[in-house]
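# Fold and contact review
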Amino acid sequence: MRVGQGFDVHPFARDQMRRLVLGGVEITGAPGLAGHSDADVVAHALTDAVLGAAALGDIGTHFPDSDPAFAGADSLRLLETAVELARAAGWEPVNGDLTVVAEAPRLTPFVAAMAEALTNALGAPVSVKATRAEGLGSIGRAEGIACLAVVLLRPLGGAS
Ligand SMILES: [Zn+2]
């Protein structure tokens, strides 16, 4: 078995037209996050956890934000690609667990949909929890959203 962890943070965008996408789920009535792809901070943290568990580097190595191919990219596709890379290296996901840290908007109504979308992309059960920063720091001032992720991988075709 291999465990991996991931962390990501994105500031809210000044562009009012940007959509907020978290864990592949569009959250209406809230400002979007700034970033090169769709800025899905939740998918990014889980992608980094998968890559880390398989010792395959990080999301910036595989999907550089200098590459126009990833402008506005659907980050669930990046997560699926990371899972393919892990499988090519002989590992498959067992489960993932995430904590999204956001002062606003309230994410509790969306965590089930996020978990379902991420479970489909990871190919293994994903749990999503939402918490607040209790007013502390830049996340607490609702200047952005952060996400922490852990994922467990097992050898392909093996039980341990
Ligand atoms: Zn990111």
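For the structure, check the block above.
About the thresholds
- Residues numbered from 1 in each chain as written.
- Predicted model: local features only at pLDDT ≥ 70, side-chain atom pairs only at ≥ 80, totals over all residues.
- Helix = DSSP H or I, 4+ residues; strand = E, 2+ residues; numbered from the N terminus.
- Expected span 1.5 Å × (residues − 1).
- Buried ≥ 20, exposed ≤ 12 C-beta atoms within 10 Å, placed from the backbone.
- Arc of directions from axis to C-beta.
- Contact = placed C-beta atoms within 7 Å.
- Axes fitted to C-alpha atoms, helices over the stretch in contact; angles between N-to-C directions.
- Parallel < 35°, antiparallel > 145°, perpendicular 65-115°, else oblique.
- Nonpolar A, V, L, I, M, F, W, Y, C, P; charged D, E, K, R; others polar.
- Pairing = 2+ DSSP bridges.
- Right-handed = clockwise from strand over helix to strand, strands pointing away.

### Points about helix α3 (residues 75-88)
Quick reminder: α-helices carry 3.6 residues per turn. Residues three or four places apart thus point the same way. In this model α3 runs 20 Å from its N-terminal to its C-terminal C-alpha over 14 residues, within 8% of the 20 Å that 1.5 Å per residue would give. Inspection of α3 places S75, L76, L78, L79, A82, V83 and A86 among the buried residues, and these make up the whole buried set. Down the axis of α3, the buried set is contained in an arc of 155 degrees. They therefore lie on one face. With respect to the buried face of α3, the exposed residues turned more than 90 degrees away are E84 and A88. Packed against the buried residues of α3 are α1 (41-53), α2 (59-62), β4 (91-101), α4 (111-122) and β6 (144-155). After α3 finishes, the residue G90 shows a positive phi value of roughly 100 degrees.

### Here's the deal with α4
Along its 12 residues, α4 runs 16 Å from first to last C-alpha, staying within 8% of the 16 Å computed at 1.5 Å per residue. Looking at the buried residues of α4, the elements they touch are β2 (20-22), β3 (25-27), α1, α3, β4 and β5 (126-131). Directly after α4, the chain includes G123, whose backbone phi takes a positive value near 80 degrees.

### Digging into the packing of α1 against α3
Their axes nearest at 9 Å, the elements α1 and α3 cross at an angle of 10 degrees. The angle between α1 and α3 falls in the class roughly parallel. For the pair α1 and α3, the contacting residues are A43, H44, L46, T47, V50 and L51 in the first and S75, L76, L78, L79, A82, V83 and A86 in the second. Residue classes in the contact of α1 with α3 are distributed as 10 nonpolar, three polar and no charged.

### What to know about the pairing of β5
Burial of β5 is one-sided: the residues V126, V128 and A130 facing one way are buried, the residues S127, K129 and T131 facing the other way are not. Summarising the sheet, β4 and β5 pair through six bridges and their orientation is parallel. Residue V100 lies in a different strand from β5, and its bridge partner there is A130. Handedness of the crossover joining β4 and β5 through α4: right-handed.

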